[in-house]
Amino acid sequence: MEYLKIIGGNSLQGDVTLHGAKNSALPILCATILIKGKSVIHNCPNLSDVKSTIEILESLGCEIERQGDTVTVDAQNITSSKIDEGIMRTMRSSILFLGSLVSRTGSASIFLPGGCDIGARPVDMHLKALKSLGADICESGSSITCTASRLNGAKIILPFASVGATENIIIASAISKGRTTIINPAREPEISDLAEFLNKCGAKIYGAGESTIEIEGVDYLNPCEHRIIPDRILASTYMSACAITGGEIVIKDVRPTHLAPIFPVFNEMGCRLYLNNNQLKISAPKRLKRVKMIKTMPFPAFPTDSQSLVTATLCVAKGTSIIKENIFENRFRFVGQLNRFGADVEIDEQMAVINGVKTLHGANVNATDLRGGAALVVAGLCAQGVSTINSIEHIDRGYERLEEKLSALGADIKRIVYEEDSKEANKKS
């Protein structure tokens with residue numbers, strides 16, 4: 001086991017480049033099952049969730065090759081349509097294999113997925129959508145079996161703009177028969193990236209990123225090369241780390257339109273933002289200002305994945321800030337840990353009232369989930385003294401060597417192996 005040790009107080013300075021988006025890499029890797037041949041995916045981040053996805057692909061018969069940030073998936077021969085329960089439990093996005101497997105092989109046998117405990121994320125919309133496409137669904141306890149000779153196009157109205165359900169429908173419909181229409185789909189940039197990848201392979205997907213998506217099913221898809229979009233949540237993480245430490249950094253390889261929902265918040269904090277093509281310079285004041293109200297909503301509104309990071313940042317702002325979480329009911333689980341730094345955050349149902357304090361102090365805390373864990377790192381960067389962040393396996397799900405990137409910007413942060421584990425490893429060697 002490992003933890004992060006942070007000595008806070010250093011102002012972040014320098015340049016940093018974004019890696020590929022986790023929330024884009026996972027559905028694209030799942031979609032490679034549809035292609036009989038080699039899919040070459042560039043800018044694929046080296047994350048634990050990506051490793052788990054690759055492990056699933058290999059268990060299904062795919063041949064995988066990784067060189068740097070390029071992953072090649074050869075899905076010519078799919079030898080299984082069943083996924084082991086243990087690996088399904090490691091991440092939420094494993095549910096996307098349901099659509100890709102039943103579309104490619106005619107059957108899929110999976111278990112209910114896992115992932116961070118940030119609130120109810122039922123798979124009902126996924127299953128109802130697949131039934132609309134003509135699949136037979138059998139649920140037994142935590143297992144799900146889905147079969148179909150070939151999926152048929154249908155009109156699907158989503159009651160909520162679910163990212164996962166939208167992705168599953170797109171993947172399942174790409175090689176279906178007829179036309180599928182998705183009403184009220186998710187509009188996140190990762191949805192458009194998935195559609196762009198599949199369209200490069202010969203799919204006919206129209207309207208990704210808009211209020212209606214049309215998918216004209218094709219008989220087969222061809223291999224292609226694709227570069228994953230940069231990670232917008234990673235960008236907001238660096239922005240938060242810079243803001244809370246009063247720093248000035250340049251973030252490279254950004255997509256300004258993807259970050260537009262969070263720019264007003266950092267401007268209100270008193271940060272100055274400068275865009276130059278695909279580079280973003282952020283310069284933070286000595287003391288941040290409060291933000292009157294933030295409400296998380298589906299894209300193009302403020303993203304729930306950035307909420308934890310901004311909550312941590314506002315802990316040292318002058319005044320009281322309010323954040324309303326409208327997506328996941330457990331997004332504020334990390335606040336108990338955050339308050340150990342001396343922060344003053346009160347939770348009232350889905351509302352966080354953040355009373356800014358002048359300084360934070362070092363603390364020993366545990367990451368409760370991916371983004372909440374990253375928020376604790378952000379708090380530790382400005383806290384006076386030494387902080388330790390435990391349970392960092394949550395953080396590794398979505399960040400590639402976060403401590404190394406922050407260290408290159410001037411942070412005093414190290415990844416350390418627990419002494420007991422180190423001693424045990426030495427005994428075995």
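Predicted, not measured: the structure shown is a model, and the values here were computed from it.

Some thoughts on the confidence of the model for the protein
In regions of low pLDDT, the predicted coordinates are not meant to be interpreted in detail. Overall, the predicted model of the protein reaches an average pLDDT of 93, with 94% of residues at or above 70. Between residues 115-121, whose pLDDT stays under 50, and residues either more than four places distant or in other chains, the model counts 25 contacts.

Some details on the pairing of strand E4 (residues 63-67)
The pairing of E4 with strand E5 (residues 70-74) spans five bridges and is classified as antiparallel. Bridge pairing in E5 links Glu65 to Thr72. Taking the residues between adjacent antiparallel strands as the criterion, E4 and E5 are bridged by two residues, where Gly68 takes a positive phi near 60 degrees.

Points about the sheet that holds strand E20 (residues 351-355)
Reading across from one edge, E17-E18-E20-E19 is the order of the four strands in this open sheet, with mixed pairing throughout. With one partner strand each, in any of the chains shown, strand E17 (294-295) and strand E19 (344-348) form the two edges of the open sheet. With five bridges connecting them, E19 and E20 associate as antiparallel partners. By the bridge assignment, Glu346 is partnered in E20 with Val353.

Notes on the side chain of Thr311
Topologically, Thr311 is positioned in helix H11 (residues 304-314). Taking relative accessible area as the criterion, Thr311 reaches 0% and is therefore assigned buried. For Thr311, the contacting residues outside a window of four places in its chain are Ile323, Phe332, Phe334, Leu338 and Ile354.

Quick look at the pattern of salt bridges
The final tally for this structure, using the stated rule, is 15 salt bridges. When the shortest N-O distance is used, the salt bridge between Asp396 and Arg415 registers 2.8 Å. Residue Asp396 is located in helix H14 (residues 393-396), and its partner Arg415 is located in strand E23 (residues 412-417); the two are separated by 19 residues in the primary sequence. Overlapping salt bridges bring together Glu2, Asp396, Glu403 and Arg415 as one network.

Cut-off values and rules
- Residues numbered from 1 in each chain as written.
- Predicted model: local features only at pLDDT ≥ 70, side-chain atom pairs only at ≥ 80, totals over all residues.
- Heavy atoms only, no water.
- pLDDT = per-residue confidence, 0-100.
- Contact = heavy atoms within 4.5 Å.
- Pairing = 2+ DSSP bridges.
- Helix = DSSP H or I, 4+ residues; strand = E, 2+ residues; numbered from the N terminus.
- Buried < 20%, exposed > 50% of the residue type's maximum accessible area, 1.4 Å probe, protein only.
- Salt bridge = Lys/Arg side-chain N within 4 Å of Asp/Glu carboxyl O.

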